[in-house]
Amino acid sequence: MKTWVSAFAACLLSITALAQPTVGPIETPTNAAGANLSAGTAATTGATITRTIASHFDDTVSSLDYCASTIVNNSSADAGPCLQATLNAAASQQRRAHIVGGIYYLMSPIVWPDHGVDMIGDGWSDQYAQLGSWIHVVSSVFMTGGAYAGSVPISLGTSDINASVIKDMAFTEDQPADTGGWTPNNYGPMIQLIGARQVRFEHDYAGGVNKFIDIQSAGGFYLDDIVGQFHTYGINIESNADYAHIHRIHVNDFWCSVTSCPNVTAYDQSNAVVIQSNRNDNPTFDDIAAFGVFNLINFGNQTTGSLTGVTTQAKLSNLDCDKCYTALEVAGGGVSAQFNNVHAHANNFAGSAALLGSRLLSIDSNTNHLDIANVSIDVAGDSAVYVGGSGNQLTMTGANLGNWGSNAVGGATCSTIYAVNVADTTAVVQAYNLTYTTGCSTLTAPVANGTSIYSAVMTGGSLTLEFGGATTGISQTTNYSYAINGHMFYGQFAITLTNVGSATGAASVHGLPFPPNGSGTWGGAGGGSCAVATNMASLTSPIIIQIAAGGTTIGLNEYGSTGTTNLTNSNFTSTSVIRCEFSFLL
């Protein structure tokens, strides 16, 4: 017995002592800015290798067994066949495929074996080191004129590959250098999933990829911890009739930064969509954050394919979009979704100026039903929320909307910008507990219609006291706020004069966000009074407020022997103070 054990131990020692082959020459990849991206330090081998006994007990098929040292980290060698062989072997042996760290330049497509296979890499770091397991698509092969032009680099299809996994892998493509008018190489999707179910993508990175993952007719899939920088889209979902789970997506200028690649990032901000969701039944989206993209999520309308339609019964939470044009866009009609905890900051890369036309939410289609809770927007170049199309239903609860239309790049016309702009006159909008701060000065409130209900508070707006429609020489400080409860508008303001000026005529206050609607007990007129009126001249009664139906000017009046008469400049002094309240039916 002792002799057998000693012989076995000696065998183990002799095997583990065998020298490992040396690694072949390593090419130096670069990003669009031309920066040196030092390659990884994977231990790669020739076509055959002597491995330790311990490694044979590992439940994987290693790429070391199929990818020679002259292939890995060599930008002139095609790693497609050896990766295909690794996956095929793993499928036939019902084991995992371990893609050992290194750069695998892809010059021919990989087709998933007809069996569920897990492709597991050695993790990744971003472009500044490019360590870990990388698949690099070569443009000369997959672009127009190449041997595989129009082909998908990595394709997964049929139900036989159910429950496959792609984990701890990094992907990138050849892209042009950063120059004026930059556009990406127009690749198709890097990875395409068709028909399979319960496929999982986990802790994967896409650096400088035009279109990352295209998912069609694949139910119950999972995407978790996906990171990268995309130019057209990160994830495209079509014809999905089962639960989809999309969690922890983080998009930033990882591959090429705003500083190094101003033209690349400008393109992304005008074009990139993180998630394009077309026909997609009962999906969940959670913890999704993006920097410098066009849309965080775009809900579109699918008109072709095995299943047509839009996204329905979607649940979304913890969404954040910084320097985005429109965080949430609803382009397909009939979308139903529930949102919770959404934040957007739609300014440009240069500073705090808003992107012209940027919004938090834009509804551009018909008969959508959306519920949104706990929403905030810091900067927008247009209406913070826009409801177009027809027949839409929107419920908002708990929103802080600020700086809409302010400092927009290219200028903004405040007369057409609202915190909540309901252009759809057939929409039913129910907005509760809204707070508006510091938006366009002339229109700072939602447009109301007969079917909409609001519960909102506005602070930071301004009204202006005028005499005869002029403010010549007047120095004034105005504090103004309002609340909306259902169809009722309640406002209050305080005006303190330090110089009465030289303008003459009837006194009036200008700048109401929208008017009485023209109906009600008093014909739709608004009214109120001023509880405080100090340092005034020749008043005969308390100040009475009157607002004409359809008007946005507050008339200041007093009672006379035959009715009310307008106050004029002669009733005010350079130290007058008035504090007033009013209300009307929207």
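Scroll up to find the structure this text is about.
Predicted model, so just to flag it, every value in this text is computed and none were measured. Just so you know, the residues in each chain are numbered from 1, in the order the chain's sequence is written. Where local features are concerned, this predicted model is filtered to residues with pLDDT of at least 70; where side-chain atom pairs are given and counted, the filter is 80 or more; whole-chain, interface and lining totals use all residues. The side-chain quantities take in all heavy atoms of the structure and omit both hydrogens and water.

Asks: Describe the overall build of the protein chain, with residues and values.
Replies: Helix and strand definitions here come from DSSP, where helices need a minimum of 4 consecutive H or I residues and strands a minimum of 2 consecutive E residues; each element is numbered from the N-terminal end. Tallying secondary structure elements over the protein chain gives five helices and 37 strands in all. Contacts spanning at least 24 positions in sequence make up 67% of the contacts within the protein chain whose residues lie at least 6 apart. Surface exposure of the protein chain reaches about 22,700 Å², of which carbon and sulfur atoms provide 52%. In what follows, a contact means two residues having at least one pair of non-hydrogen atoms within 4.5 Å. Areas reported as accessible are Shrake-Rupley estimates using a 1.4 Å probe. Residue values count occlusion only from the protein chains shown.

Asks: Lay out the state of the cysteines in plain terms, naming residues and giving numbers.
Replies: In this description, the term disulfide denotes a pair of cysteine sulfurs within 2.5 Å. Evaluation of the coordinates by the stated rule reveals four disulfides. Here Cys67 is linked by a disulfide to Cys82, with a sulfur-sulfur distance of 2.1 Å. Given an S-S torsion of about 95°, the disulfide between Cys67 and Cys82 has right-handed geometry. Taken together, the positions of Cys67 in the loop between β1 (60–62) and α3 (80–93) and Cys82 in helix α3 put the pair 15 residues apart, joining distant regions of the chain.

Asks: Summarise the side chain of His136; cite the residues concerned and give the values.
Replies: When you line up the elements, His136 lands in strand β6 (residues 133–137). To sort residues, take the accessible area from a 1.4 Å probe on protein chains only and compare it with the maximum for the residue type: under 20% means buried, over 50% means exposed, and anything in between is partly exposed. Judged by relative accessible area, which is 6%, His136 ranks as buried. One polar contact links His136 to Asp174, side chain to side chain, over a distance of 2.6 Å. Aside from chain neighbours lying at most four places away, what touches His136 is Ile103, Tyr104, Tyr105, Leu106, Thr172, Glu173 and Asp174. Definition of a polar contact: a pair of N or O atoms within 3.5 Å, with one able to donate and the other able to accept a hydrogen when the atoms are protein atoms, and with sequence-neighbouring residues admitted only if both atoms are side-chain atoms.

Asks: Help me get a handle on empty space enclosed by the protein, residues and values and all.
Replies: The method is simple in principle: a probe with the dimensions of a water molecule rolls over the atoms, and the space it marks as empty is what remains. Only protein atoms enter the 1 Å grid, on which a cavity is a set of points fitting a 1.4 Å probe that cannot get out and a pocket is an open set with protein on both sides within 12 Å along at least 5 of 7 lines, lining residues being those with an atom within 4 Å of a point. Grid points are joined across faces, edges and corners, and a volume is the space filled by probe spheres set on the points. In this structure the tally under the stated criterion is one cavity of 30 Å³ or more. In this structure, the largest cavity encloses a volume near 70 Å³. Together, Gln229, Phe230, Val251, Asn252, Asp253, Thr265, Asp268, Phe291, Gly292, Val293 and Phe349 line the largest cavity. Looking at the lining of the largest cavity, the elements that each hand over two or more residues are β12 (222–238) and α5 (262–271).

Asks: I'd like a rundown of the environment of Ser508, residues and numbers included.
Replies: You can see Ser508 is positioned in strand β32 (residues 507–510). Taking relative accessible area as the criterion, Ser508 reaches 12% and is therefore assigned buried. Between the C-alpha atom of Ser508 and that of Gln546, which follows or precedes it by 38 residues, the distance is 9.8 Å. Contact partners of Ser508, with chain neighbours within four places excluded, come to Thr464, Leu465, Glu466, Thr553 and Ile554. Within polar-contact distance, the side chain of Ser508 engages the side chain of His510 at 2.8 Å.

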